[in-house]
Amino acid sequence: DFTRCYNSNKYKTMVEMDYKEGISLGIKGTPTFYANDIEIVGARPYKEFKEVIEQTIENNNLRQ
């Protein structure tokens, strides 16, 4: 199924558009996640996501 789909180029335009959008946004790799202004690139452990999210929540609470 994968080979048939790949060879059909059915999603080629969509994939190219996503790729160009990522380049225009400065994304250097996948996966890339954002928590406010904090960029997390690559497959990262849960602990890193948790720390970034908690830091973001704490910073938002300090601003209020």
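Rules used in this analysis
- Residues numbered from 1 in each chain as written.
- Predicted model: local features only at pLDDT ≥ 70, side-chain atom pairs only at ≥ 80, totals over all residues.
- Heavy atoms only, no water.
- Patch = residues over 30% accessible without salt bridge, like charges linked within 9 Å, V, L, I, M, F, W, Y side chains within 5 Å.
- Areas by Shrake-Rupley, 256 points an atom, 1.4 Å probe, with all protein chains shown as cover.
- Salt bridge = Lys/Arg side-chain N within 4 Å of Asp/Glu carboxyl O.
- Helix = DSSP H or I, 4+ residues; strand = E, 2+ residues; numbered from the N terminus.
- Buried < 20%, exposed > 50% of the residue type's maximum accessible area, 1.4 Å probe, protein only.

K.L.:
I'd love a proper account of a nonpolar patch on the surface, names of residues and values included.
P.N.:
Side chains of Tyr11, Met14 and Val15 sit close together on the surface and give an oily, nonpolar patch of about 310 Å² of accessible area. Of note, Tyr11 is situated in the loop between helix 1 (2–8) and helix 2 (12–24). In this structure Tyr11 comes out as partly exposed when scored by relative accessible area, which is 40%.

K.L.:
Pulling in residues and values, what's your account of the pattern of salt bridges?
P.N.:
In this structure the tally under the stated criterion is three salt bridges. Taking the shortest distance from any N to any O, the salt bridge between Arg4 and Asp1 comes out at 2.5 Å. Judged by its relative accessible area of 58%, Arg4 is exposed. Given a relative accessible area of 74%, Asp1 falls into the exposed group. Measuring nitrogen to oxygen at the nearest pair gives 2.9 Å for the salt bridge that ties Arg44 to Glu48. We classify Arg44 as partly exposed; its relative accessible area is 38%.

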